[in-house]
Amino acid sequence: MGRMWLGKVCLVLIVAISCVCSAARARFPQASEERMIADGSPGHAGGRLVVALRSEPKTLNPALALDEPSRDVIRCMTADLIHINRGSLKTEPSLAKSWSVSRDGRQYTLQLRRGVRFSDGAPFHADDVIFSFQVYLDEKVDSSQRDLLVVGGKPITVVKVDDYTVRFELAQPYAAAERLFDSIAILPRHLLENGYRAGQFPQAWSLSMPPGQFAGLGPFRLKEYVAGQRVVLERNPYYWKADRAGNPLPYLNEVVFLFVPSEDAQVIRFQSGDTDVLSRFSADNFAVLQKQQATKGYHLDDLGAGLEYNFLFFNMNDLAAKGLPEIAKKQPWFQDLRFRQAVSAAIDREGIVRLVYGGRATPIWDQVTPGNKLWLDEKIAHPARSLERSRQLLQSAGFSWKSDGALLDPHGNPVDFSILTSSSNAQRTKIATIVQDDLSQLGMTVQVVPLEFRAMVDRLTNTYNYEAAVMGLVSGDADPTSEMNVWLSSGETHLWHPRQEKPATPWEAEMDRLMQQQLVTLDYDKRKSLYDRVQEIVAEDLPIICLVSPNILVGASNRVGNFRPAILVPYALWNIEQLYVQ
Amino acid sequence: MLTERQKLAWAVAALAAFSCVVLFAGFFAPYDFAAQYRDAPFAPPTAIHFLDAGGQFHIRPFVYGSRDPGERAGSAAGDSEQIFAIHWFVRGAPYKIAGLFASRVHLFGVEQPARIFLMGSDGYGRDQFSRFLYGGQISMLAGLIAAILSVSMGIFAGGIAGYYGGWIDEILMRGGELFLALPWLYLLFAVRAALPLHISQWQVFLLLISVMGLIGWARPARLIRGVVLSAKERTFVLAARGMGASDAYLLRRHVLPQTYAVLLTLVTLLVPQYVLAEVTLTFLGLGVGEPMPSWGALLSSLQQYSVLSSYWWMFLPALLLIPLFVVFYAAADALQELHKSVPL
């Protein structure tokens, strides 16, 4: 009788222990789970990272997030199918462990990783992918990602082949197709489908949602949100990446996002050790922080030119319908290529680099910066500043000078115009002041008018009530396809004359052809020569007068390991699953 | 101890001297207010020496500079041995006194390529001392015009309200309280945003000053009204009325002259207040635009942390305003004391 008892107890114990063991194994790496191995140096687990955000995120819904702070937080909590490695600027497998392209370049078949789980433990498979793309492409949801998924005028379609295979079909071959998938977060069907079918998707995943209602495939999951103060993320125990030693990622236990509204306040908090990482700050603050690097236990990195390009441009819209006669009278100047060339030749780009950015910027003459090594056209000329040349150009265009030096146009009117800038961007206002001084040496009277950002954008894109403006643009990707809206004459951000019905000038028609063609050309060298020609047109016909590209400046506390900042958004935290603290 | 009259005399003399310097800013300033010396951004104040590195005394004070174009001019280290003497009555950038008299003579200067930045330079390499003097023209003029506007409207409204009393008085005073309650800063933001782009700098300036002055009529009006209330009961005023004088005559000839003492004190108090208001406006980006050097524009770069912590000389315009205001308030004090002794 005793022996049977003992046997039963042993059996129960064995069953219990094996249950515990298998439960434990569900959290730790196994060969069958197809983990992705990250290429950083192994660190150690534990610790907390504190980062500042410029403002509170507006939503945690990946389909609806428009502002940078929301995207910064969402990026830590979600994963995509194919990811652009910010360090190498090339695509790499993410949730899709491999893929193949059909010969006509229109079908992409992706193999998904097996055994991956959402942060709430639910399994991930092809149904989630189908559901996610259904949401992103739904016109009623009106996701900001929808436009990115439209190729050749038609949205891409996705078909489930089996539980771990999906096939995407494009209307035409698309050169940057792989890059489409970057940052398109995969949504959990088991949590969101009911709400979506009931038409309540836009309310899903707002900041006030209880953390338990959320599930993602990213390295972290939501822990708490304190309105007006911080968002806290905790480690996702089900995350599907591991380091080279086989340890599960992420290393950090917690990530805290503090809301610190101004850059100066962020610098002060970084200096005092409240935050561990300072992402993307201005050159003036670099000089301030540099002085105390050694004593305060942080280091700063100047990554060289990023992708941002700042430029001056003139209003070349068709103003007949808008009733702006004062500006229409000045447009003949702006539309004369020699006037724009004269302005470009007169601007002291080196001075801007030195005075506005303390030397931490690069002068540019077209829209591709030296930071974009894959697409930069090295053959573009970089003419030195020459007031003589400006004067010659203006003279040949029929301008003349009064005895006191003021410039007169061919009809005898004095040349005077205003440059708009955003009042919240101190650098661009300084650039405009330097341009004002440079052009005053040609006899032009220029006023700098700082306006609140939204008021300025309204004038630039809606009412066209402006004469000239200094703006900057930056895209999230180095690929030319991300700039389609700027260079296509029908584009929304074709700033000097947006939304044209047909190209207004022969060079804009040529740019349209080139941009459409590079969209569907799969061979990199052929694409490069097409985009080189676009850069030449920008440098020669000067729709925008490119000025400078600021360097990417980041900083981190010395105790943060695996810190490898990149020049693409999100600069410092793109490899957050590999960051660790010592 | 000085008597009140003597204090007033000193204060007025100081103000007059300051106004003179500001009016002749072109002469006293070594550089033009917009001239950018881009090789010397945020240069600290140039040190003036009488003794050189070898211990030799120079009668003519000098600054260090470098003939090497690569070296930053105006650097505090002054490590170059090149001596540039300060010359008096030099020929420099052209300027106009009060927009009328043109000249090229400046009180002092140094030979190129050395620079003499008495108060350092700003982010574009512009001499802060020159900008301070030229800025005085704009800020002091703004203060004066706004104060005069306020007081004029105040005399008009307060005189009528105090003299006639009754419902006119009620309407004017309640209306005045409305203006007192207005958040003038936001009103000015709204006015500025609504302006079209083609208005010149000076027009924007005059418009904003006028708005500022016109909003501020309520306090002077109440003050004047108080004086007029008591003034109109004086015996000679009643006598004149009894002899058939009209309201306008009584106001002009008998009542208002009694307010002049108060008015003078009021103007002396209001000018610095409006100067400060203009400085605040331009500091916030609302006043005259670049490159006009109002005092607020000089101080606006301090909004950036990097400037606040690294370049102490950018504070100097603010510090120099303090003695100016002290002189104004001393004059106002003296005036008030003087009038107390005169029985009303």
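Worth saying up front: this structure is predicted, and the values here are computed from it rather than measured.

Conventions and cut-offs
Residues numbered from 1 in each chain as written. Chains lettered and ligands numbered in written order. Predicted model: local features only at pLDDT ≥ 70, side-chain atom pairs only at ≥ 80, totals over all residues. Helix = DSSP H or I, 4+ residues; strand = E, 2+ residues; numbered from the N terminus. Buried ≥ 20, exposed ≤ 12 C-beta atoms within 10 Å, placed from the backbone. Contact = placed C-beta atoms within 7 Å. Nonpolar A, V, L, I, M, F, W, Y, C, P; charged D, E, K, R; others polar. Pairing = 2+ DSSP bridges. Axes fitted to C-alpha atoms, helices over the stretch in contact; angles between N-to-C directions. Core = buried A, V, L, I, M, F, W, Y, C linked by C-beta atoms within 7 Å. Parallel < 35°, antiparallel > 145°, perpendicular 65-115°, else oblique. Left-handed = near helix turned anticlockwise from the far one by under 90°. Expected span 1.5 Å × (residues − 1). pLDDT = per-residue confidence, 0-100.

A.B. asks: What exactly am I supposed to notice about the overall build of chain A here?
C.D. replies: The helix and strand tally for chain A stands at 17 helices and 26 strands. Across its three principal directions, the C-alpha atoms of chain A cover 120 × 60 × 45 Å. For chain A, buried positions account for 46% of its 582 residues. Considering only residue pairs separated by 6 or more positions, chain A has 68% of its internal contacts joining residues 24 or more positions apart.

A.B. asks: Got a minute to help me understand the overall build of chain B in this structure?
C.D. replies: A count of helices and strands for chain B gives 13 helices and five strands. Expressed along its principal axes, the backbone C-alpha trace of chain B runs to roughly 85 × 50 × 40 Å. A buried classification covers 38% of the 344 residues belonging to chain B. Partitioning the contacts of chain B with sequence separation of at least 6, the portion at a separation of at least 24 is 71%.

A.B. asks: Can you walk me through the interface of chain B and chain A in this structure?
C.D. replies: By a frequent convention, interface size equals the accessible area lost on bringing the separate parts together. Between chain B and chain A, the residue contacts involve 19 residues of the former and 25 residues of the latter. Among the elements that take part in the side of chain B that touches chain A, helix α12 (residues 305-310) of chain B stands out by supplying four residues, more than any other. Grouping the constituent residues of the side of chain B that touches chain A by class yields seven nonpolar, 10 polar and two charged.

A.B. asks: Mind showing me how you'd approach the pairing of strand β24 (residues 545-557) of chain A here?
C.D. replies: Along a regular strand, successive side chains alternate from one face of the sheet to the other. Residues and elements named next belong to chain A. Counting buried residues along β24, 13 of its 13 residues qualify, which places the element largely inside the surrounding structure. Bridge count between strand β15 (residues 277-279) and β24: three bridges; the pairing is antiparallel. Paired with Val277 across the two strands is Ala556, which belongs to β24. With six bridges joining them, strand β16 (residues 298-305) and β24 adopt antiparallel strand pairing. Counted as the bridge partner of His299 is Ala556 from β24. As paired strands, strand β17 (residues 309-314) and β24 are joined by three bridges and run antiparallel to one another. Paired with Phe311 across the bridge in β24 is Cys546. Where strand β18 (residues 361-363) lies against β24, three bridges are found, and the strand directions are antiparallel. Across the sheet, residue Ala361 finds its bridge partner in β24, namely Pro550.

A.B. asks: It is not clear to me how the sheet that holds strand β1 (residues 49-51) of chain B should be interpreted in this structure. Could you clarify?
C.D. replies: In a beta sheet, neighbouring strands are held together by backbone hydrogen bonds and run either parallel or antiparallel to one another. Residues and elements named next belong to chain B. Strand order in the open sheet formed by three strands is β1-β2-β3, and the pairing between neighbours is antiparallel. Taken across any chain shown, the strands that pair with only one partner, and hence form the sheet edges, are β1 and β3 (82-85). Strand after strand, the sheet turns through a mean of 55° between neighbouring axes, direction not considered.

A.B. asks: What exactly am I supposed to notice about the nonpolar core here?
C.D. replies: Residues Phe313, Ile419 and Leu547 of chain A are the most contacted members of the largest nonpolar core, which totals 162 residues. With eight residues, β24 of chain A is the single largest residue contributor to this core. When near neighbours in sequence (up to four residues on either side) are disregarded, Ile419 of chain A contacts Ala432, Val435, Gln436, Val446, Val448, Val449, Ala468, Ala469 and Val470 of chain A. With 73 residues, the next largest nonpolar core counts Trp295, Val307, Val327 and Ala332 of chain B among its residues.

A.B. asks: How should I be thinking about the sheet that holds strand β6 (residues 107-112) of chain A in this particular structure?
C.D. replies: All names here are of chain A. Reading across the sheet, the four strands line up as β5-β6-β10-β9 and stay open at both edges, with antiparallel pairing between neighbours. This sheet does not close on itself; its edge strands, each paired only once, are β5 (96-101) and β9 (157-162). Taking the axes of each pair of neighbouring strands and ignoring which way they run, one obtains an average angle of 25° across the sheet. Bridge count between β5 and β6: five bridges; the pairing is antiparallel. Across the sheet, the residue bridging to Trp99 is Leu110, located in β6.

A.B. asks: Before we go on, may I ask you to explain unusual backbone geometry in this structure?
C.D. replies: One can expect most non-glycine residues to show negative phi and most peptide bonds to be in trans. Residues and elements named next belong to chain A. Each neighbour pair has its own omega, and for Leu249 with Pro250 the value is 0°, a cis peptide bond. The residue Pro250 is located in the loop between β13 (241-242) and β14 (254-259) in this model. With an omega of 0°, the peptide bond running from Val569 to Pro570 counts as cis. For Pro570, the position within the fold is in the loop between β25 (560-561) and β26 (580-581). You will see that Arg499, though not glycine, has its phi angle at about 55°, which is positive. By the secondary structure assignment, Arg499 is in the loop between α15 (484-487) and α16 (506-520). Despite not being glycine, Leu542 shows a phi value in the positive range, around 50°. Of note, Leu542 is situated in the loop between α17 (524-541) and β24. Judged by the 23 C-beta atoms lying within 10 Å of it, Leu542 is buried.

A.B. asks: Honestly, the packing of helix α5 (residues 184-194) of chain B against helix α6 (residues 201-215) of chain B in this entry has me stumped. Any pointers?
C.D. replies: Residue and element names in this part refer to chain B. Orientation of α5 relative to α6, taken along the N-to-C sense of each, is 150°, at an axis distance of 11 Å. With respect to α6, the axis of α5 lies roughly antiparallel. Here the hand of the crossing between α5 and α6 comes out right-handed. Facing Trp184, Leu187, Leu188 and Val191 of α5, the residues of α6 in contact are Leu208, Val211, Met212 and Ile215. For the contact of α5 with α6, a count of residues per class yields eight nonpolar, no polar and no charged.

A.B. asks: Teacher, can you tell me more about the environment of Ser282 of chain A here?
C.D. replies: Residues and elements named next belong to chain A. When you line up the elements, Ser282 lands in the loop between β15 and α7 (283-290). In this structure the C-alpha to C-alpha distance between Ser282 and Leu553, which are 271 residues apart in sequence, comes to 7.1 Å. Leaving out residues up to four positions away in the same chain, Ser282 has contacts with Glu263 and Gln427.

A.B. asks: Would you explain the packing of helix α8 (residues 235-242) of chain B against helix α9 (residues 247-255) of chain B in this entry?
C.D. replies: Two quantities define a packed helix pair, namely the angle between the axes and the distance from one axis to the other. Residue and element names in this part refer to chain B. Between α8 and α9, whose axes approach to 11 Å, the crossing angle comes to 150°. By the criterion of interaxial angle, the relationship of α8 to α9 is roughly antiparallel. Of the two possible hands of crossing, α8 and α9 adopt the one that is right-handed. The segment α8 lies against α9, with Phe236, Val237, Ala240 and Arg241 engaging Leu250, His254 and Val255.

A.B. asks: How should helix α13 (residues 426-440) of chain A be read in this particular structure?
C.D. replies: Given 3.6 residues per turn, any residue in an α-helix points the same way as the ones three and four places further on. End to end, α13 of chain A covers 21 Å across 15 residues, agreeing with the expected 21 Å (1.5 Å per residue, within 8%). In terms of burial, α13 of chain A is largely enclosed, as 14 of its 15 residues are buried.

A.B. asks: I'm lost on the confidence of the model for chain A in this one. Help?
C.D. replies: Note: predicted coordinates in regions of low pLDDT should not be interpreted at a detailed level. For chain A, the mean per-residue pLDDT works out to 88, and 95% of the residues sit at or above 70. Ignoring residues within four places in sequence, the model shows residues 21-32 of chain A, a span with pLDDT below 50, making eight contacts including any to other chains.

A.B. asks: How should the confidence of the model for chain B be read in this particular structure?
C.D. replies: Taken over all residues, the pLDDT of chain B has a mean of 85, while the share at 70 or more is 94%. Here α5 of chain B is the element of chain B with the lowest mean pLDDT, 77, and helix α2 (residues 25-28) of chain B is the one with the highest, 92.

A.B. asks: Whenever I open this one, helix α13 (residues 316-340) of chain B confuses me. Can you help?
C.D. replies: Residues and elements named next belong to chain B. With 25 residues, α13 ought to run about 36 Å at 1.5 Å a step, and its terminal C-alpha atoms sit 37 Å apart, in line with that. Among all positions of α13, only Pro317, Val327, Phe328, Ala331, Ala332, Ala334 and Leu335 are buried. Lining the buried residues of α13 we find α1 (4-23), α3 (128-164), α10 (260-283) and α11 (295-300).

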